[in-house]
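# Fold and geometry: a report
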Amino acid sequence: MPFSVLCEMTLTAALTVWSPGPNNILLLSTASKYGFKKNMKFMLGIWTGSLSLMILCGLLGSLLSSIVPEVRPIMTWVGAGYLFYLAWKTYRRLPPGEEDTQKEPSYVMGIFLQLINVKIIIYGLTMFSSFILPYEQRPLFLLFYAFYLMVMGAIGNLIWAFAGNVLQKFYKERYKLVNVIMALLLVWCALRVIGVL
């Protein structure tokens with residue numbers, strides 16, 4: 001891959017995965033409630049799911065491209081439904097320390113969020129079909145680029161989780177306002193996923 005294409009891909013990846021989306025908004029919200037350390041399992045789940053999707057997009061790029069037109073509408077609605085569910089759970093979240101049946105975000109929750117995250121699926125397909133597959137088809141290099149794309153997302157996740165951790169005191173004082181804002185951002189993401197916005 002030419003260096004100029006790598007730079008374009010990196011910029012596109014950063015703009016895509018560092019912008020507000022389901023993972024980043026949820027990480028901001030959960031880190032503000034539980035703190036950075038308790039969010040690590042969730043982030044590791046997100047990264048595992050992301051790497052799995054990037055590998056699938058890379059190794060099965062041409063096959064997925066032919067399947068996506070049939071699968072995309074279903075995944076879009078499943079993903080949007082899950083985002084609406086996350087928005088509702090975020091809205092209803094109690095402040096830290098109060099009795100709450102909601103569990104801390106888990107590794108499995110992170111993986112699940114990625115596997116139905118239409119933004120990340122389309123991101124992977126776009127990165128591979130537009131930037132990588134025209135220049136490289138060798139499996140080892142595709143694995144490298146899958147890992148590279150996952151790391152780009154991980155950097156964005158860390159930024160959003162650190163922001164949530166910094167805002168933890170603010171959250172404790174104004175948890176309802178923060179929950180409403182985070183829930184509305186998740187609703188915004190869901191509406192964008194289904195093409196309403």
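One can find the structure itself at the top, above this paragraph.
My aim in this report is to walk through the structure given alongside it, one point at a time. This one's a predicted model, so the numbers in the text were calculated from it and none came from an experiment.

### Remarks on the overall build of the chain
- Of regular secondary structure, the chain possesses nine helices and zero strands.
- When the helices and strands of the chain are read in sequence order from the N terminus, they spell out α-α-α-α-α-α-α-α-α.
- Classification of the 197 residues of the chain by burial places 42% in the buried group.
- Here the analysis covers contacts within the chain between residues at least 6 apart in sequence; of these, 85% occur between residues at least 24 apart.
- For the chain, the accessible surface area stands at approximately 10200 Å², while carbon and sulfur atoms represent 71% of it.

### Describing the packing of helix α3 (residues 40–59) against helix α5 (residues 107–115)
- The N-to-C vectors of α3 and α5 enclose an angle of 35°; their axes lie 6 Å apart at closest approach. The interaxial crossing formed by α3 with α5 has right-handed handedness. Two secondary-structure elements touch here, α3 through Lys41, Phe42, Leu44, Gly45, Ile46, Thr48, Gly49, Ser50 and Leu53 and α5 through Tyr107, Met109, Gly110, Ile111, Leu113, Gln114 and Leu115.

### What to know about the side chain of Ser29
- Within the fold, Ser29 resides in helix α2 (residues 22–34).
- When near neighbours in sequence (up to four residues on either side) are disregarded, Ser29 contacts Thr90, Arg93 and Met182.

### Here we look at the nonpolar core
- With 28 residues, the main nonpolar core has Leu86, Leu113 and Leu186 as its most contacted residues.
- Breaking this core down by element, the ones donating at least two residues are α2, α3, α4 (61–92), α7 (139–166) and α9 (175–193).
- Examining the composition of this core, we find that six residues originate from one element, α9, more than from any other.
- The contacts of Leu113, once residues within four sequence positions are left out, are Pro22, Asn23, Leu26, Phe42, Ile46, Tyr82 and Leu86.

### Some details on the packing of aromatic side chains
- Evaluated as defined, the whole model comprises four aromatic pairs.
- Taking the centre distance of 6.4 Å and the plane angle of 25° together, the rings of Phe144 and Tyr148 count as stacked. You can see Phe144 and its partner Tyr148 sitting in helix α7, four residues apart, about one turn around the helix.
- Judged by its relative accessible area of 47%, Phe144 falls in the partly exposed class.

### Brief notes about the environment of Val108
- Along the polypeptide, Val108 turns up in helix α5.
- Taking the C-alpha atoms as reference points, Val108 and Gly49, separated by 59 residues in sequence, lie 9.1 Å from one another.

Calculation notes
- Residues numbered from 1 in each chain as written.
- Predicted model: local features only at pLDDT ≥ 70, side-chain atom pairs only at ≥ 80, totals over all residues.
- Heavy atoms only, no water.
- Helix = DSSP H or I, 4+ residues; strand = E, 2+ residues; numbered from the N terminus.
- Buried < 20%, exposed > 50% of the residue type's maximum accessible area, 1.4 Å probe, protein only.
- Contact = heavy atoms within 4.5 Å.
- Areas by Shrake-Rupley, 256 points an atom, 1.4 Å probe, with all protein chains shown as cover.
- Axes fitted to C-alpha atoms, helices over the stretch in contact; angles between N-to-C directions.
- Left-handed = near helix turned anticlockwise from the far one by under 90°.
- Core = buried A, V, L, I, M, F, W, Y, C linked by side-chain atoms within 4.5 Å.
- Phe/Tyr/Trp six-rings, centres within 6.5 Å; stacked < 30°, edge-to-face > 60°.

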